[in-house]
Every structure is written in C-alpha cells, then in structure tokens.
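# Notes for the structure review
Each chain, letter by letter, is given below.
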Amino acid sequence: MTLGPTLSERLSRARGDLRMGVPVALTLGTGAALVAAVETLPPDRLADLRRIGRPELAITARRAETLKARAYDGDLARIALPDEADVGWLLAVADPVDDLRHPMKGPFHALREGDATLHRAALELAKSAHLLPAVLVLPLPPASPLPEGVTQIDLTGADLRAAAQFTPVVHARLPMEASQFGRVHVFRPEDGGEEHYAIEIGQPDRSKPVLARLHSACFTGDVLGSLKCDCGPQLRAALQQMGEEGAGILLYLNQEGRGIGLANKMRAYALQDQGFDTVEANHRLGFEDDERDFRIGAQLLRRLGFGSVRLLTNNPKKIAMMQAQGIDVVERVPLKVGQTEQNAGYLATKAAKSGHLL
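Thresholds applied
- Residues numbered from 1 in each chain as written.
- Predicted model: local features only at pLDDT ≥ 70, side-chain atom pairs only at ≥ 80, totals over all residues.
- Heavy atoms only, no water.
- Patch = residues over 30% accessible without salt bridge, like charges linked within 9 Å, V, L, I, M, F, W, Y side chains within 5 Å.
- Areas by Shrake-Rupley, 256 points an atom, 1.4 Å probe, with all protein chains shown as cover.
- Salt bridge = Lys/Arg side-chain N within 4 Å of Asp/Glu carboxyl O.
- Helix = DSSP H or I, 4+ residues; strand = E, 2+ residues; numbered from the N terminus.
- UniProt positions renumbered as here; feature names shortened; annotations may be inferred.
- 1 Å grid on protein atoms, 1.4 Å probe; cavity = no way out; pocket = protein on both sides within 12 Å on 5 of 7 lines; lining within 4 Å.
- Buried < 20%, exposed > 50% of the residue type's maximum accessible area, 1.4 Å probe, protein only.
- Contact = heavy atoms within 4.5 Å.
- Pairing = 2+ DSSP bridges.
- Axes fitted to C-alpha atoms, helices over the stretch in contact; angles between N-to-C directions.
- Expected span 1.5 Å × (residues − 1).
- Phe/Tyr/Trp six-rings, centres within 6.5 Å; stacked < 30°, edge-to-face > 60°.
- Lys NZ or Arg CZ within 6 Å of the ring centre and 35° of its normal.

On to a nonpolar patch on the surface, then. A cluster of nonpolar residues, Phe219, Val223, Leu224, Leu262 and Met266, forms a patch on the protein surface that exposes about 450 Å² of accessible area. By secondary structure assignment, the location of Leu262 is in helix α9 (residues 262-273).

As structure tokens, this is what we get:
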C-alpha cells in the first residue's frame, strides 16, 4: 500500500505542526525525543512536556555565541531548562529583539554529555519551517510510547538537507514590460513545500549557454520598492537585459531573506535598526550568513533543458554552487544596479563579508 505519507511528506507535515505549536517526534535507532519550536510553543504544551520529563533547549552556535552560552556540540548548544523557565523566558533566549535592553539572560547550564543528533535534526527542521532556530527537545526513555497523533520522523538513513525534487506543474505565455515573448513555468516540490518559478524570455537555444539569473524572492524589494536592498532593481534589470537580447531564463526562487523567511528577515531588519549589519543580524538570530539552497536552481535549469549558462550575478558562490551541481557557467555577467543612500552599508557588507563583486 502507498497511501501513507513518504518521509518527505512526513517532514512537510512536521514543519506545519511546529509552525502551529504542535510537538513532533524524532526517532533514531533506540533513541527518541519530542520536539517543539520555541517560537510557537503555548504554555499548556510546555507544561505537558514537563509532566513527561525534563526538556532541553537547543540553540545554534551562532545564537549561543551572542548569549555567551557554551556550544559543546560545535554547531549547537544544549541548555538545561531551569525549573522556573516559562515561554516568556524561552522566547527571550530565542529572539534577540531585546538583547540590548536585557543582555544578561543567563547564567546558562550548557549540557555536554550525551548525543546531540536529535537536537541537530530538530534545529534543521525549525529552520526549514522558517521559525527561529530554537527548539525544546524532550529525550524519551527507550521503548516509551509516543503521544497519540504526534507526527513521527524516523531519521534512520534520512538527510534533512537533501534537495527536494521538483515537478513541472504548468507553463503559460505572459507578455511583460521587458518582453512581449515571456513564459512562466511553475515547479512544485514533492514534499509540499514552496513552489518556484522560471520566467523564460523568448525561445532560448538549449544547445547554447543561456543568459540566466537566479533571483531569490524579496517581497520588500521586488514588490514594495524597498530602498534597503538592491533586489528590485536587479530583478527588473535582469529581465530587461534578457528582453534586449531576445532570450533568457530568470529563476524566481522562493527563498526570502537569504532563506530564513520573511518574518525572520523582518527580525533581522529590526536588528539592523539597532546598528547591526545584515550578517551580524542573521547570526544574532541564530542563522548562518546565507541559508539558501541553490541546488534548486540547478535542478530547474536541467528540467528546462539547459546545461550551460551566462550567469547574471555579483556572487561568486552562486557560480561555484552551479558548477558543483553540473551546470557549466561559461561567463559571469555583472549586475550592478540599485545602489541608494539607504542600502550603501548593506552593499558594502555584502562585498566585505559575503564576497560579492561590487
């Protein structure tokens, strides 16, 4: 029978559960744990977890560095939950919004014994759900029954960072300002995640390198005309250049805020208002500089029949990622547009800390 959910479908269900404040179960061999996202955990479920055992708080090493907590597991810190800790305390640890007003949130009792595999997987799951990377993990005794109805993810042989597979859903002609000969392709991942789009200009020759742009969705820049970034001008300039050349492919990837989601991007903006640059803000939130997965772009290009590109980008890492995924980048085409008084610092940070060629 194939009516039950696959692993990727269970992962999608688990992300939805975490976003609603519902715990999920992670299992690996004889180990098991209940996991809940700090950002959405309601007080009654925190109390229920405590009735079962002693939950542990897991945060990334990036967030632990800000909080001066020991990350004995390298990429994460496991913190013993104080008896008096409530959801307010948990949110204060997870969300850096008031770090400057209340910098001393500890002392923290960081755990160093035991295995952190389930904690690491729980943080990956929270990130992929676009939640703050802070989770409660309640280890369960061997052979303990799981609460009824809880989504269970068996991590044996699983790779939470594996690239999703995409299926073409539909494509249709779309005349645009940049070109009367536009066509939009919609791709849907098998795990029920966010769809991504390919905008095809003209009729590019699949046997030759295509002028291509991997553009990450930016609601504030692309739609609202934000002056804090150069995303909107880059989108329009890329399409205009493709229109002028008569052919091109723009991949519009729904990886808002360098892959952390719009809500966390707004949290980063709030931290930038406090004086932190874009990289520092991401780190204080517990994220890496860039959480995007450009394997998606390579997969979509192959699905469309392209094996080589002239890549419109200022980011050498995009080139390296495309080439690592088997897409031949024969030329880097610079895309230097959209500098404003408001985003000069942002662009300088991208050049100095992220290696952009500006």
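Now, onward.
The positions that UniProt labels "binding site: Zn(2+)" (unreviewed entry) are, in the present scheme, Cys218, Cys229 and Cys231. Within the annotated group just given, the residues that line the largest cavity are Cys218, Cys229 and Cys231. Take Cys229: it is sitting in the loop between α6 (219-223) and α7 (231-245). For Cys229, a relative accessible area of 4% translates into the label buried. Not counting chain neighbours up to four residues away, the residues in contact with Cys229 comprise Cys218, Gly221, Gly338, Asn343 and Tyr346. By secondary structure assignment, the location of Cys231 is in helix α7. With sequence-adjacent residues up to four places away left out, Cys231 is seen in contact with His215, Cys218 and Asp222.

Here the focus is the sheet that holds strand β13 (residues 308-312). A sheet is described by the order of its strands in space; here seven strands give the open sequence β8-β9-β10-β12-β11-β13-β14, paired in mixed fashion. Each having just a single partner strand, β8 (166-173) and β14 (328-333) make up the two edges of the open sheet. Here the average twist between neighbouring strands, direction ignored, is 25 degrees. With six bridges connecting them, strand β10 (residues 196-202) and strand β12 (residues 247-253) associate as antiparallel partners. By the bridge assignment, Glu200 is partnered in β12 with Ile249. Against the sheet, helix α11 (residues 295-303) engages β8, β9 (182-189), β10, β11 (210-216), β12 and β13, with an angle of about 140 degrees to β12.

Once that is clear, we can look at helix α5 (residues 117-128). With 12 residues, α5 extends 17 Å from end C-alpha to end C-alpha; this agrees with the ideal 16 Å at 1.5 Å per step. Taken together, the buried positions of α5 are Leu118, His119, Ala121, Ala122, Leu123, Leu125, Ala126 and Lys127. The inward-facing, buried residues of α5 contact α1 (7-19), β1 (24-28), β2 (31-37), β3 (56-60), β4 (76-80) and β6 (134-140). Trailing α5 by a residue or two, His130 shows a phi angle of about 60 degrees, which is positive.

Moving on: the packing of aromatic side chains. Applying the stated criterion across every chain yields a total of two aromatic pairs. Measuring from ring centre to ring centre gives 6.4 Å for Tyr197 and Tyr252, while their planes differ by 15 degrees; the resulting arrangement is stacked. One end of the pair, Tyr197, is in strand β10; the other, Tyr252, is in strand β12, with 55 residues separating them in the sequence. The lysine or arginine in question, Arg112, covers the ring of Tyr72, its NZ or CZ lying 4.2 Å from the ring centre. Note that Lys228 overlies the ring of Tyr269, its terminal NZ or CZ placed 4.6 Å from the centroid.

Positioned with a positive phi, Lys68 is a non-glycine residue whose angle comes to about 60 degrees. Secondary-structure assignment places Lys68 in the loop between α3 (61-67) and β4. Overall, the relative accessible area of 71% leaves Lys68 in the exposed class. You will see that Ala143, though not glycine, has its phi angle at about 65 degrees, which is positive.

Quick look at the pattern of salt bridges now. For the structure on display, the rule yields 22 salt bridges. We note a salt bridge from Asp99 to Arg63, for which the minimum N-O separation is 2.7 Å. Within this pair, whereas Asp99 is found in the loop between α4 (87-94) and β5 (110-111), its partner Arg63 is found in helix α3, the two being separated by 36 residues in sequence. Per residue, the accessibility class of Asp99 equals that of Arg63, and both read buried. A salt bridge links Lys353 to Asp277, with the nearest nitrogen and oxygen atoms 2.7 Å apart. Of this pair, Lys353 sits in helix α13 (residues 344-354) while Asp277 sits in the loop between α9 and α10 (278-285), placing them 76 residues apart in sequence. The class for Lys353 is partly exposed, based on a relative accessible area of 40%.

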